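The chain contents come next:
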Amino acid sequence: MPKIGVIKRGRDIGKLTSRNQAYVWHSCVDCGTERWVALRCGKAKNERCNPCAMRRALQGKRSRYWKGGKWKDGAGYTRVWVDKDDFFYPMAEKRGYVMEHRLVMAKHLGRNLHPWELVHHKGKRHIGIENKSDNLIDNLQLSINGAHSLAHSRGYRDGYRQGYEDGKRAIEVELQ
């Protein structure tokens, strides 16, 4: 293995397409992998190896597909990208996104939420569906899994009773 910084021509290291191009034995700044890198203006053309360069280029604001760091998932929840240096990054999924309502609640409490803690949208429901885009702190409620399920079933039960009573009154009015 050559030492870091050794410069050779392409023909000396077996490069067939660029035989006269100068190359330097260089190590990747991220992972330390050593390889031959083309010289440009006396410096290595690439500071990083291909896997590290791709990984770095495709993340967050550096990605060419960056659209501001927010998107709505299939269930209607807004997801927000969080940088690895952010205090709230431990709440993020594999790709670095956190559900916005969980992030708002965590920032309000000043701590990361545990996986078993749920954030419930308590705002007005439209046709039985909660408004998942209303992520203001006064519309959010912190709960745990059991309490969250009970609150939902209580809401459905109360709504069923109310509908039953309204239907009963309508029938009584018709009969009179």
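Above this text sits the structure in question.
Numbers given to residues run from 1 along each chain, matching the order in which its sequence is written. Two thresholds apply to this predicted model, a pLDDT of at least 70 for residue-level local features and 80 or more for giving and counting side-chain atom pairs, whereas whole-chain, interface and lining totals are computed over all residues. Heavy atoms from the whole structure form the basis of all side-chain values; hydrogens and water molecules are not counted.

(A) Region of interest: the packing of aromatic side chains. When the centres of two rings from Phe, Tyr and Trp lie within 6.5 Å, Trp using its six-membered ring, the rings pair. Their planes under 30 degrees apart give stacked, over 60 give edge-to-face, and anything left gives tilted. Scanning the model with the defined rule gives three aromatic pairs in all. With 5.1 Å between their ring centres and 70° between their planes, W25 and W36 make a pair best called edge-to-face. Here W36 lies in strand 3 (residues 34–40) and W25 lies in strand 2 (residues 22–27), a separation of 11 residues in the sequence. According to the relative accessible area criterion, W25 is buried, its value standing at 8%. Measuring from ring centre to ring centre gives 5.1 Å for F87 and F88, while their planes differ by 85°; the resulting arrangement is edge-to-face. Where helices and strands are cited, they refer to DSSP runs of H or I of at least four residues and of E of at least two residues respectively, numbered from the N terminus. Residue burial is assigned from relative accessible area. The probe radius is 1.4 Å, only protein chains are included, and a residue is buried under 20% of its type maximum, exposed over 50%, and partly exposed in between.

(B) Molecular detail of the pairing of strand 6 (residues 78–81). Inspection of the sheet shows strand 5 (residues 70–72) paired to strand 6 by three bridges, in the antiparallel sense. Across the sheet, the residue bridging to K70 is V80, located in strand 6. For two strands to count as paired, DSSP must find a minimum of two bridges between them. Here strand 5 hands over to strand 6 after five residues, with G76 in that stretch at a positive phi of 95°. For strand 6 and strand 7 (residues 97–99), the ladder comprises three bridges, and the chain directions are antiparallel. Looking at strand 7, one finds that V80 is bridged to V98.

(C) Main features of the pattern of salt bridges. One side-chain nitrogen of Lys or Arg within 4 Å of one carboxyl oxygen of Asp or Glu is enough to make a salt bridge. Enumeration over the complete set of coordinates arrives at six salt bridges. Taking the shortest distance from any N to any O, the salt bridge between R79 and D73 comes out at 3.1 Å. Overall, the relative accessible area of 14% leaves R79 in the buried class. A relative accessible area of 14% places D73 in the buried class. The salt bridge involving R79 is made with E93; its shortest N-O contact spans 3.3 Å. A residue pair is termed long-range when its members are at least 10 positions apart, and R79 in strand 6 and E93 in the loop between strand 6 and strand 7 qualify at 14 residues. Ionic contacts of the salt-bridge type, sharing partners, join the residues D73, R79, E93 and R95 into one network.

That is the geometry; function is a separate question.
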